[in-house]
Each structure stands twice: as structure tokens, then as C-alpha cells.
Amino acid sequence: HNNCEMLLYALVLIGAFATISEKPVCKMVGKPEFPVLSKDGDVIIGGAFSIHSKSKVQMTLFQNEPEPLGCSSINFREFRFAQTMIFAIEEINNSTDLLPETSLGYRIYDSCGSIPSSIKTAMALMNGQEKTVLNESCTESGTVHAIIGESESSSTIAMATTTGPFHIPVISHFATCACLSNKKLFPTFFRTIPSDYYQSRALAQLVKHFGWTWVGAIRSDNDYGNNGMVTFVEAAQQEGVCIEYSEAILRTNPKEKIARVVDIIRKATSKVLVAFLAQGEMEVLLEEILLQNVTGLQWIGSESWITARQLATEKASEVLSGAIGFAINKSTIAGLKEFLLKIHPSQAPGSAILKEFWETAFGCTLSSQSKSNDTEHCTGTEQLALLRNQYTDISELRISNNVYKAVYALAHSIHNLLTCKDGQGSFTNETGTKNNTTEPRQVLHYLKGVNFTTRTGERVYFNTNGDPAAKYELVNWQHTRDGGTTFTTVGHYDASLPAGQQFTMNLVNIVWAGDHNQQPVSVCSESCLPGTRKVVQRGRPVCCFYCTPCAEGEISNSTDSIECTKCPLEYWSNEDQTQCILKETEFLSFGENMGIVLTMFSLAGACLNLAIGFIYFHFRATPLVKANNSELSFLLLFSLTLCFLCSLTFIGQPSDWSCMLRHTAFGITFALCISCVLGKTLVVLMAFKAKMPGNSVPKCSGPLQRLSVFTCTIIQVLLCILWLALSPPFPYKNMEYFKNKIILECDLGSTVAFYAVLGYIGFLSAMCFVLAFLARKLPDNFNEAKFITFSMLIFCAVWITFIPAYISSPGKYTVAVEIFAILASSFGLLFCIFLPKCYIMLLKPEKNTRKHLIGKMHSK
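Since the structure is predicted, the reported quantities are computational estimates derived from the model, not experimental observations. (Residues numbered from 1 in each chain as written. Predicted model: local features only at pLDDT ≥ 70, side-chain atom pairs only at ≥ 80, totals over all residues. Heavy atoms only, no water.)

Participant: Is there a simple way to explain a nonpolar patch on the surface in this structure?
Facilitator: Together, L707, F710, I714, I715, L718 and I721 line one region of the surface with nonpolar side chains, adding up to about 570 Å² of accessible area. In this structure, I714 sits in helix α18 (residues 701–726). With relative accessibility at 31%, the residue I714 sits in the partly exposed group. (Patch = residues over 30% accessible without salt bridge, like charges linked within 9 Å, V, L, I, M, F, W, Y side chains within 5 Å. Areas by Shrake-Rupley, 256 points an atom, 1.4 Å probe, with all protein chains shown as cover. Salt bridge = Lys/Arg side-chain N within 4 Å of Asp/Glu carboxyl O. Helix = DSSP H or I, 4+ residues; strand = E, 2+ residues; numbered from the N terminus. Buried < 20%, exposed > 50% of the residue type's maximum accessible area, 1.4 Å probe, protein only.)

Participant: Is there a simple way to think about the pattern of salt bridges in this case?
Facilitator: Pairing between side chains becomes possible if they bear opposite charge and their charged atoms approach one another. Scanning the model with the defined rule gives 17 salt bridges in all. Residues R455 and E91 are paired through a salt bridge, measuring 3.2 Å at the closest nitrogen-oxygen approach. On the criterion of sequence distance, the pair formed by R455 in the loop between β18 (451–453) and β19 (459–461) and E91 in helix α2 (residues 76–93) is long-range, its members being 364 residues apart. Across the pair E570 and K733 runs a salt bridge, and its minimum N-O distance is 3.8 Å. Remark: K733 occurs in strand β30 (residues 730–734) and E570 occurs in the loop between β26 (565–566) and β27 (571–573); sequence separation between them is 163 residues. Taken together, the salt bridges that share partners define one network made up of E152, R251 and E281.

Participant: What's the story with the sheet that holds β30 in this structure? I'm lost.
Facilitator: If you trace the three strands from one edge of the open sheet to the other, you get β29-β31-β30, paired in mixed fashion. Two strands bound the open sheet, and with one partner strand each, they are β29 (584–586) and β30. Here the average twist between neighbouring strands, direction ignored, is 30°. Here β30 pairs with strand β31 (residues 741–747) via five bridges, running antiparallel. From the neighbouring strand, F730 faces β31, where its bridge partner is D747. (Pairing = 2+ DSSP bridges. Axes fitted to C-alpha atoms, helices over the stretch in contact; angles between N-to-C directions.)

Participant: Is there a simple way to explain the side chain of S118 in this structure?
Facilitator: Looking at the element boundaries, S118 is found in helix α3 (residues 115–127). Given a relative accessible area of 0%, S118 falls into the buried group. With near-sequence residues (within four places) excluded, S118 lies in contact with S111, E150, S155 and M159. (Contact = heavy atoms within 4.5 Å.)

Participant: I tried to follow the confidence of the model for the protein chain on my own but got confused; where do I start?
Facilitator: If pLDDT is low for a region, its predicted coordinates should not be looked at in detail. With 87% of its residues at a pLDDT of 70 or more, the protein chain shows a mean pLDDT of 84. Within the model, the stretch residues 423–427 combines pLDDT values under 50 with nine contacts to residues more than four positions away or in other chains. Per-residue pLDDT stays below 50 along residues 856–860; that stretch engages in seven contacts with residues further than four places along the chain or on separate chains. (pLDDT = per-residue confidence, 0-100.)

Participant: Quick question: what am I supposed to make of helix α8 (residues 279–292) here?
Facilitator: Side chains of residues three or four places apart in an α-helix project in the same direction, reflecting 3.6 residues per turn. Taking 1.5 Å as the rise per residue, α8 with 14 residues should run 20 Å; its terminal C-alpha atoms sit 20 Å apart, in good agreement. Looking at α8, one finds that the buried residues are Q279, G280, E281, M282, L285, L286, E288 and I289. Looking at the packing, one finds that the buried side of α8 touches α2, β11 (214–220), β12 (242–249), α7 (255–267), β14 (298–301) and α9 (314–320). Positioned one or two residues after α8, N293 has a phi angle of 55°, which is positive. (Expected span 1.5 Å × (residues − 1).)

Participant: What am I meant to see in the packing of helix α5 (residues 196–209) against helix α6 (residues 223–238) here?
Facilitator: The packing of two helices is summarised by the inter-axis angle and the distance between the axes. It is the contact of α5 with α6, at a shortest axis distance of 8 Å, that shows an interaxial angle of 45°. Comparing their axes, α6 and α5 come out oblique. In this structure, the crossing between α5 and α6 has a hand that is right-handed. Contacts between α5 and α6 involve D196, Y197, S200, R201, L203, A204 and V207 from the former and Y224, G228, T231, F232, A235 and A236 from the latter. In terms of residue class, the contact of α5 with α6 is built from eight nonpolar, three polar and two charged. (Parallel < 35°, antiparallel > 145°, perpendicular 65-115°, else oblique. Left-handed = near helix turned anticlockwise from the far one by under 90°. Nonpolar A, V, L, I, M, F, W, Y, C, P; charged D, E, K, R; others polar.)

Participant: Is there a simple way to explain the packing of aromatic side chains in this structure?
Facilitator: We describe a pair of aromatic rings using the distance from one ring centre to the other and the angle between the two ring planes. Applying the stated criterion across every chain, the model contains 29 aromatic pairs. Look at F326 and Y493: their rings are 5.9 Å apart centre to centre, the planes differ by 65°, and that puts the pair in the edge-to-face class. Of this pair, F326 sits in strand β15 (residues 324–328) while Y493 sits in strand β21 (residues 485–494), and the two are 167 residues apart along the sequence. Of the two residues, F326 and Y493, both sit in the buried class. Aromatic side chains F644 and F827 sit 4.6 Å apart centroid to centroid with 65° between the ring planes, which places their arrangement in the edge-to-face category. Here the residue F644 occupies a position in helix α16 (residues 630–646), and F827 occupies one in helix α21 (residues 812–833), the gap between them amounting to 183 residues. Assigned by exposure class, F644 and F827 land together as buried. By way of ring pairs, the aromatic residues F76, F79, F357 and Y391 are connected into one cluster. Seen from the ring of F545, K534 lies directly overhead, with NZ or CZ sitting 4.8 Å from the centre. (Phe/Tyr/Trp six-rings, centres within 6.5 Å; stacked < 30°, edge-to-face > 60°. Lys NZ or Arg CZ within 6 Å of the ring centre and 35° of its normal.)

Participant: Would you mind going over the sheet that holds β11 with me for this structure?
Facilitator: Consider a sheet: its strands pair through backbone hydrogen bonds, and that pairing is either parallel or antiparallel. On the basis of which strands lie adjacent, the open sheet formed by eight strands has the order β12-β11-β13-β14-β15-β20-β21-β22 and mixed pairing. Both edges of this open sheet fall to β12 and β22 (503–505), since each of them pairs with a single strand only. Strand-to-strand, the axes of this sheet are offset by a mean angle of 30°, without reference to chain direction. Both β15 and strand β20 (residues 471–479) contribute to a ladder of five bridges, which runs antiparallel. The partner of F326 across the bridge, within β20, is L474. Contacts from α6 reach β11, β12 and β13 (272–276), with the element oriented near 160° to β11.

Participant: Looking at this model, I keep getting lost on empty space enclosed by the protein. Mind explaining?
Facilitator: A probe as big as a water molecule, rolled over the atoms, marks out the empty space that is left. For the coordinates displayed, the defined rule picks out two cavities of 30 Å³ or more. In this model, the largest cavity occupies a volume close to 120 Å³. What lines the largest cavity is a set of 14 residues, and nearest its centre among them are R77, R80, T307, R309 and E396. Those elements that place two or more of their residues in the lining of the largest cavity are α2 and α12 (399–418). Here the element with the most residues in the lining of the largest cavity is α2; it accounts for three residues. (1 Å grid on protein atoms, 1.4 Å probe; cavity = no way out; pocket = protein on both sides within 12 Å on 5 of 7 lines; lining within 4 Å. Points joined across faces, edges and corners; volume = space filled by probe spheres on them.)

Participant: What am I meant to see in the side chain of T156 here?
Facilitator: Examined against the element boundaries, T156 turns out to sit in helix α4 (residues 153–163). Exposure remark for T156: the relative accessible area of 0% places this residue in the buried category. Within the structure, T156 has its side chain in polar contact with the backbone nitrogen of E150 (distance 3.2 Å). The contacts of T156, once residues within four sequence positions are left out, are G149, E150, S151, S172, A175, L180 and F189. (Polar contact = N/O pair within 3.5 Å; in protein donor to acceptor, adjacent residues only side chain to side chain.)

Participant: Got a minute to help me understand the packing of α3 against α4 in this structure?
Facilitator: As a packed pair, α3 and α4 sit with axes 8 Å apart at the nearest point and diverge in direction by 35°. Handedness of the crossing formed by α3 with α4: right-handed. Of α4, the residues touching α3 (which contributes I115, S118, I119, T121, A122, M123 and M126) are S154, S155, A158, M159, T162 and T163. Each residue belonging to the contact of α3 with α4 can be placed in one class, and the counts come to seven nonpolar, six polar and no charged.

Participant: How do you make sense of the pairing of β13 when you look at a structure like this?
Facilitator: Walk down a regular strand and you will see the side chains alternate between the two sheet faces. Where burial is concerned, most of β13 is hidden: five out of the five residues are buried. Alternating residues of β13 divide into V272, V274 and F276 and L273 and A275, and every residue in both groups is buried. Relative to β13, β11 runs parallel, the two sharing five bridges. Bridged to V215 within β13 is V272. Note that β13 and β14 share four bridges and pair parallel. Bridge assignment links L273 to a residue of β14, and that residue is W299. At this point the chain moves from β13, through α8, to the parallel β14, and the crossover so formed is right-handed. (Right-handed = clockwise from strand over helix to strand, strands pointing away.)

Participant: Hey, could you run me through the state of the cysteines in this one?
Facilitator: Here is the idea: a disulfide is a covalent bond, and it sits between the sulfur atoms of two cysteines. Enumeration over the complete set of coordinates arrives at nine disulfides. Bridging C550 to C564, the disulfide has an S-S length of 2.0 Å. The chirality of the disulfide connecting C550 with C564 is left-handed, given an S-S dihedral of about -80°. In this pair, C550 sits in the loop between β24 (545–549) and β25 (554–555) while C564 sits in the loop between β25 and β26, placing the two residues 14 residues apart along the sequence. Overall, C550 belongs to the buried group, its relative accessible area being 7%. A disulfide bridge connects C659 with C746, and the sulfur atoms are separated by 1.9 Å. Its S-S torsion of about -80° marks the bond between C659 and C746 as left-handed, since a negative value means left-handed. One end of the pair, C659, is in helix α17 (residues 656–688); the other, C746, is in strand β31, and 87 residues separate them in sequence. Each of the two residues, C659 as well as C746, counts as buried. C673 supplies the cysteine sulfur nearest to C643, a cysteine that is in no disulfide, at a spacing of 4.8 Å. For C643, a relative accessible area of 0% corresponds to the buried category. (Disulfide = S-S within 2.5 Å.)

What follows is the structure, given as C-alpha cells:
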């Protein structure tokens, strides 16, 4: 705090002394800087271009004043930019619509692509060339009202930082660094070229569009390259693109460093190289690329060099052929070509830059004192129209058009200022002027609201960051028939469109690296096909991975899936694991072999019952039928027929009615069947327990057996009704037993009720077995207790083994086991009880007599 107070006191004292001084004097520190091209006017526009591309680095010994920065190697492209600025100013001065009573002048400086030189240029544009200013305020506004330039981001940052505190607007035609959109740092900066914020993202989308997920990257080691590459890497990661290597170079780097970077490029596995380079760095890199003979790379270029005709030499085209990248939209400027071709040193005999341009363009000398025997003397009649260089080539007016639009933007802002109108045509008295005296801060104010359309139909305006709308052309280096190179537009990018619609491709064939028609592949790992998923390799980027098949029940239906998707509950994955399909439903159907066999046995058993019933009916008057209680025999045959037929309800797709019918019908018919057998057993016991051997069965035996059959059956019926009322069976999709199948089965509803029905049948069969066992030694001719005993043994054995088999059988085999138990027990009853009697009635009729039965009984 003490230091700050002392500094404040010092400033106050300096201000006081300056006020007391009678004649304030402002002296320039250093030598004055003069423009290379200039013209007076009512309003002066400054220009800064890298007319020379190389600067001579001098050692500073700090013992005497440094020499001025030396520049060499004239850049025809930058010289064309400067002449385009002059052309636009002359066109405006000759216009009657725009600034009709105000003339524009210009001061154009050569910054040599050097940051120190750019700062000196900015100071010269603000201060003028006078060494001393007497009786004038040292805080007066500069000699220029606005500046157009520079061509590089780092130099533009230096210039905008220098002029910003003086409210002098700077419009760049070629500085694309996204950092310049920061209005807190650069409040007076504008540009007619889109920010790299959009270009970097467009390049990432371009790489992803062609499926290149493994790329190399190289950038200029300055604000342009570093900021642009940071944005590109972030966008690329969002798109799933990996960077194998990222190197930075500068045109002034030692050759050894450039060679090391090229060696990295040569040894890399990626086949795509994103070069976010300024033209100067690209020239240096290309020289070393040709020296090491690095070919086969697919170059992705930034707007700085992708349309630079100077790079499209015959040797360079062998390396860069097929290069693709985004460029500023090209345009046409009427009258510019004629203006460029009229340039001649005689127009300004004292202009050193025109003299140097002419001598370099034609390889001659205008100096009569030249002693070189190798250089011809210029005649002055040389024709620029015969030259083919970057100055005369206006087939790709992209950056030149940005210079043209920048001049017109300033002209419109000055016009609005002088007429007291803002960009929308409304009047304001805040900053307007009526006496043609303008200040840079006024131009800055009106420049923010500029909105006009050029003669070619382009709309020019600036957003809140001073940037124009981001629109690019996607250009491709293609060879022409005459061996030259053309920049063919193959697509467009418009950042103002909604996401997903910004990038569009034209119906133009793209030439790829090495003049091939087949798109190159650049991936760290081959794509994982549908049905597999990616597993990242440990310690490597996410683009390097293994492919592993999806687990059963999971799918991936797209390429390079990160994870597999589990199929819904009723679906299962197909063999390729690419889609979920409905699970196979399994039930015992009438159409399959097992269903056909069981149906045949069921129908065969029913038919056999009918045949035996027909035999019994035919021999109903014989002693054997009468002696064995024909009423119960027919009822038993009927119940057995129902038992055979009820097995059919277990076959076919389960439904609500079939599920309820199959279990209840099974329980009731078997209860009826066992009740009939039980009744027959009771009749046998009652008959042979009579006191006299000749006595007949008691008269109450008929009602008693009917009552027993009815009572035993009605109990089962009540159990089934209670089952259906409380928790009936229902169709159920069992997806737990098999993962890839759905078992259509009947859920029991109430397991207790099911086992109660089975238990009741077991109880009847056990009681019947006990009674038949007790009657087994009664006279054979009348007694059928032995056959009933044997049938009950079979019945009980079948149903005892049924329970574990039923529980352990999977799927449709559960139903098959149940049907088998029904058929086996039914056939056991049928064969044991009725076949012996049929054998006697059909094959041994002599035994089917009352005498035989009674005689046998008396002998016993």
C-alpha cells in the first residue's frame, strides 16, 4: 500500500509539472516509421500486411541503438492484399452513394510477419511520422481512424493490444485465433474471417465424418496454432477421435527440430495428419517432408494454407495431392484484376516497395547503377498479365475478399457516423458529427452496428464478439490434366445452421492421398462389428481397444459399441448378437412327435374302452358280466374313457380354459374311476361275507355302491370348485428355467389345492388297494379282487414315481410326464380289470356259465 501511495504522489507531481510548463512538447522516442504505400484523405485508414515474409534477426549488444528490422523475400499474396485495400478505397472514393463528400486515405505498413515490427507499425499509425509536436496536446488522437490487419494472429494480438487503449478499431482479414473474440482483452477488435472456434470444431467433425479416429496433429507454435489445436483436441475427443501425437513448430525453428518432428510423423501409425499451420510454417515443414520423402499421408489443412497457391508446386503436389480442409468462401471482385495489372513503378517513382515488387516479379533491375552481370535491366514495358504468381492469380479470391469487405465495413461505419445514422438507419445525436471531424472512438461505435450487403450478395455484419458468420468451403487438392493443381469445393460448413445440418457434402468425387479414389483408413484398432463391444487396452488411448462378443441375451447393433444392451425379458439375442428377437415359446403341441404319440395313445385307449364297452354290452346277459356288477363296470369304462380323453387337454398352447379344465377334469375323472373300483371291491366283500354260501348279495348293495361312488366323487368335485374359486390355474410364461426360451405352462394357482386333489386320489386308491388285498383269497371264479389289487399296485407305483419326475422335468416334458402318468394308470386299470374278462367272453365261452361259476364256488 505504501508503494502504491508513493506512485500516486509521483503521478500527481508529474501532472502538476506538465500543467505548469508553458509549452508542452511531445517527442518521439526512436526513429520515425514511414508507410510503404500512402495517400492523403479526409479520413485515413491504416493497413498492416506482411508484405515481406522474412525478417533479419540482429544481435543486440545493448551498447548502442538497435538497427531497424530488416525484411526480405517479398510475399506476392500479401502485396495483393495491400493492393486490394487500395482498390476498395479508390472504388469508394469514386462512388456517389457511399461517402460522396468525404475522401478516404490510407497508410499501409509492412510488418514483415514480426511481432516487434507489428508493434512499431501500430505506434507509427497512432503517432504519425513527425519527430516533435509543439504546442499540441500529447493526448490527441492518432493519425488514422481505423486499421486493417494483420495476417497472423500473434501479430494482430500485439497490434490490438497496443491500439486498444486509444479506441482505434482494428479489423483483421486473416487473424483467426479464437482468443481475439474476448472483448474484455480486445474491445476494439473486429474481423471479416471466422474464428478458429468454429474451424477447429468443423475439422473435428470432418475427421469423424470420414471415420478417422487415429490422427496426428501438428500446429504453429504461436497463438494461432496453439489456441486452434486446443479447441480441435477438445472437439475431437467429444467426437471419439484420438490424437496419436501433437507437435508444434515455428518457421524460425532450427532445422534439427523440424527434422525431428518430420521423423515423428514418418514413424507414426496414423495415416491422417491435421496440420493447423500458418503458411510460413507449412512451407518450412513441406521442405523437410520432401527431403525425407514422407508420402502416403492424408493431409487435413486449416484455412491458412489449404488454398495457398504458392504451396501447389509440382513437387509439393506429389505430397499434398488429395489434401482436404476448410477454406474461406471464394468470391469475385469486379474490376480488381484490371486494377492489379495496372500497377507500375512509374505511378510512384519514389516507392521502394513498387520497385522491389517489379524487380522480383520480372527478375530484373530498375537501377541503372547495378553492377551485376547476371541481372537484366527492366525496360518498364514488362506486362503483369503474362505473369503467373500469387499476385496475378485471382481465381481463389478468399482472403482478398475479406480485405475488400473490411474496407467497406469501415466506409459504412464512417458514412453512418457522418450522417448521424446507426447501422439500422435510425438517427442518434450521441456520437454523430456534422462537420466531418471524426475520431476513432466514433468509428468504433458505428462499426459495431454495421450491416450491409456487398455487390456479390454477401451480408457483412459483426456479432457481439466482433466476429462474422462462420461459413467455410471444404476444398480438395486435385490434379488437372495439364499437371497443375485445382482447389475443388467438395462440401460446405455453416455454423449458423442447427446441429447435425452444419456440415454438408457436394456430389463431387474426392481425390485422396496419392491421387487414389479409395478413402484411406486411419484407426488404432479395427472397428468392432455389431454383436461385439469395445474393451479399452490398458495404458493406451480409448481408440485402441479389443473387440469382445456380447454375452448371451445382450446385443450391440452398431459399430464400435461401448457396451452391450440387455434384451427385454421376453426377447433373446440372435446368433450374431446384433438384435433382440422374441424368445422361442415351448409347449407340448399336437404337431410335434411327442404330442402325436401321446395323442395316439390317448385316442387308442379311448377306442379300446369303447370296444370293451361294446363287448360288455354284447355279453351283458352272460353270468360273467352279471357276476361282476355290470352297472359299475359300464360306469368304470365311461370314467376310464374320460381319463384317456382328459389327457388331450394337456396338449396344445395353454389358455385360461384349458388350464382350469385339464387339472379339474383329471382330478374328477380319476376320482370317479377309483370310486367305481372301490365300489366293485365293496361288492366283492359284501358278496362273500354272506352267512350262507348260496345266499345272494344283500339287497342294499346296489344303493350302497351308488352312494359310495357319488360320495367319493362329489368330494373331489367340491375340492375342484374350491380350487377354481380361490386360486385357479392360469397360463404362465416361465422365463426362469431357460434363458433363451419361454415355457408356456399352466401355473397351478394354488399348489395346496393341486396336491389336495392328488392326495385325495391317492387316498381313494390306497383304500381300494387295502380292501382289494383283503378280498384277494375269495373264490376265483367270481372274485376279481386279485386283478383290482394288481391294478392298484400299478396305479400307485405310477403316481408315486410321477411326483419326482414331475418336479424335475423341464419345460414341455413336465406336461408329458403328467400325460404319461394318466395314460399309464388308465391302461393299468383297463388291462388288469377288463382284459381277463374279455378273454373269457371271447376266447373261453365255456367258462362264461353259471354252472362253472357256482361249481367252482362249491368246490371251494
